[in-house]
Amino acid sequence: MSDKKKREAKTIQVFLRLRPPNKGELERNEKCDVVHIEQDKMVKLGENPHSYSFNRIFGMDSKQDDVFTSVAKKAVEDSFEGYHGLIFCYGQTGTGKTFTMSNQTPGQEGMMQRSVAYVFDKIAADTSGDYEVHVSFIQIYQEVIQDLLDDSKESQKDKKGIAIRDDPDVEGGVYLSPIKMVTAYSAGMAPKEGTKKVLQQFHKGDSQRSVASTAMNAQSSRSHTVFTLYIARRNKMTDQDYEDDGVNKQEFKGRLILVDLAGCERQKKTGASGDTLQQANAINGSLLVLGKCIKALTDPRQFVPYRESKLTRLLQYSLAGHGKTTIVVTCGPSERNLDETRGAIEFGQRAMTIKQEAKKHVEIDYKALCKKLQAQLDARGDYQNEQLLNEVKSDYEEIIAQKTERIKFLEAELALYTSGEKIGDADSDEETPPARAGYSSSAAGGGAKKSTDRKVTKDTAGGKEKFKLQMKDLEDRLEQKGSEMQKYKKEKLALQRENNVLEDELHQVRHQMNLLGMKTKAIITEKDDQLQRMQKALMKLKRGDYVSPTASLEREDNDASPRPEGMTDGDYINKLQFGIRKMVEREAVMAAYYEKARDAICYQATKADELKGKLEGELEKRKKAELKADKYKEKYKEKS
């Protein structure tokens, strides 16, 4: 692989699609040649000599199938390998984002419909794997996440929407709770049936999506939608494969995330008002945060504000480089929208510099592991049964041999009696027939054999009972372990939920502390300004330092004009008395301002003490919350 291909594989893939002129632009005779495409990968705007490069540029005459092949096909294949493939369209309202992503016109289907068909074509072609496909469909409407597949009354009444939680099993990942996930395909179903079910769920959710008519788009999306396919694959295995350690028993869990963003818009161009204007403000706000995140991701020194918007929080895992992200920037050809077109293109240029290190999601196939353990238990049980049967068989073979010898002896004795021959021992004192003696001895031997038979039967029955008890004990232990695991899982889930609640509380505390800090700074600044204004007013009244009460008198004495010639003593005294009264009035005004300044300073100090107390209280709450979280983590580690 060349260095260029390696570099492209490690960054976000960005494509540009140019929409042809629409009916309104043609009727207004707008200039529609400001976007100049060069070679399929370079584009220029207007008379600006600067050119922008993309992974590929689709012109006005581009086909939907070409867009799918270049943009979405690789993302589908990545999802089968356990990656998170994210595709979203970005651009001004009315530039063809929804047409590119999910157009439903026969023959011009969008990437979503073609991706679904390609998913189940791959499933049908893969005869060595078992698949499960689940579907979810949500929209972000004015910063509230709504489930488009859940039509229950409870979800419709819930104004807070669906919550975003940190995923404890995926580093940097999030999940939605609660959310409805529909099983569209499982092992044993026909792939065509899965295709049909996925598209049915999409049509169901799309019919509940918020749209409105504006001056720039008759069917303008008023929310961001996220359509997700969860694809799980494991190898098909026989009973022998479950026992074979060389067979791959991993399970790949990938996702195909298709995001249809609402377009950024200007009120003076769309003519939005009322609810439509509020929707536009929410849309522009979330897209602004998305742009801030993309810009921050290009500089590792900057903080990435994922939490400022539900959209960026939800796409955090893929945007951070853990998934494989693909962006389609859409723009129009009109010179009237040149600024919006330039902004969308520059957004794509920044996104192309973001590096990705996608993570593959591979888990142990617990179903295969369970069958393997069951096969091992069965094999162990079969071995013990076979060993026991061999012991019983050898015991019964010995008994049969003894019985056969006994039958032969009785047949021989019967033959002798039948022929009339005398059986005896010449040397014996009594003529006891050998047959009788033999019979007596044989009978004694037969009693011993019967005793042995009973012992073997008893031992065999005891072995069976012992084996049954061992098997029952093993099953009880497995059941006990299973119940303990369920208990631990429940406790783990509870601890995770409590941890999420604590994290939310900590986030709120930090937010409140930031607000309090900002308010404190604002109050201090305001009071400082008030104090400075009062000081200036006092200085203006006294024309000097208000702290020196004699300065005014000295100034009056120094500034006093000499006694005019011809003025009588009485007139001069009256003039001096008038000047003294005026000075007294100034001093009274100065004293009033001094009192106000002192009250303002006291008020400022009181408020500062109150804010300090609040901050100390919030810090104390934060410390308690952190201690509580540490205790839960220690408890969770001990139980794990």
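Residues numbered from 1 in each chain as written. Predicted model: local features only at pLDDT ≥ 70, side-chain atom pairs only at ≥ 80, totals over all residues. Heavy atoms only, no water.

Asks: I'd like to hear about the overall build of the protein chain, residue by residue, with values.
Replies: Looking only at helices and strands, one finds 17 helices and 17 strands in the protein chain. Per-residue burial over the protein chain gives 36% buried out of 640 residues. Counting only contacts in the protein chain whose residues sit at least 6 apart along the sequence, the fraction spanning at least 24 positions is 72%. (Helix = DSSP H or I, 4+ residues; strand = E, 2+ residues; numbered from the N terminus. Buried < 20%, exposed > 50% of the residue type's maximum accessible area, 1.4 Å probe, protein only. Contact = heavy atoms within 4.5 Å.)

Asks: Hey, could you go over the side chain of Thr312 for me, with residue numbers and the actual values?
Replies: By the element assignment, Thr312 lies in helix α11 (residues 310–314). Of note is the side chain of Thr312, whose polar atom sits 3.1 Å from the backbone oxygen of Ser309. Excluding residues within four positions of it along the chain, Thr312 makes contact with Val289, Leu290, Cys293, Pro305 and Tyr306. (Polar contact = N/O pair within 3.5 Å; in protein donor to acceptor, adjacent residues only side chain to side chain.)

Asks: Provide a residue-level description of the sheet that holds strand β2 (residues 35–38), including the pertinent values.
Replies: In spatial order, the strands read β2-β3-β4; together these three strands make up an open sheet with antiparallel pairing. The open sheet terminates on both sides in strands that have one partner only, identified here as β2 and β4 (51–53). Strand-to-strand twist of the sheet, defined as the mean angle between neighbouring strand axes without regard to direction, takes the value 30°. Pairing analysis gives three bridges linking strand β3 (residues 42–45) to β4, with the strands arranged antiparallel. Bridge pairing in β4 links Lys44 to Ser51. Strands β2, β3 and β4 of the sheet are contacted by helix α13 (residues 338–351), whose axis makes an angle of about 45° with β4. (Pairing = 2+ DSSP bridges. Axes fitted to C-alpha atoms, helices over the stretch in contact; angles between N-to-C directions.)

Asks: Which residues make up the nonpolar core, and what are the values?
Replies: One finds Phe88, Tyr90, Leu290 and Ile327 to be the most contacted residues of the largest nonpolar core, which totals 48 residues. Among the elements that take part in this core, helix α10 (residues 275–297) stands out by supplying seven residues, more than any other. Ile327 has contacts with Ile12, Gln13, Val14, Phe15, Phe88, Tyr90, Phe347 and Ala351, leaving out every residue within four places of it along the chain. Counting residues in each nonpolar core, the second largest holds 36 residues, with Val71, Ala72, Ile87 and Leu258 among its members. (Core = buried A, V, L, I, M, F, W, Y, C linked by side-chain atoms within 4.5 Å.)

Keep in mind these values describe shape, not function.
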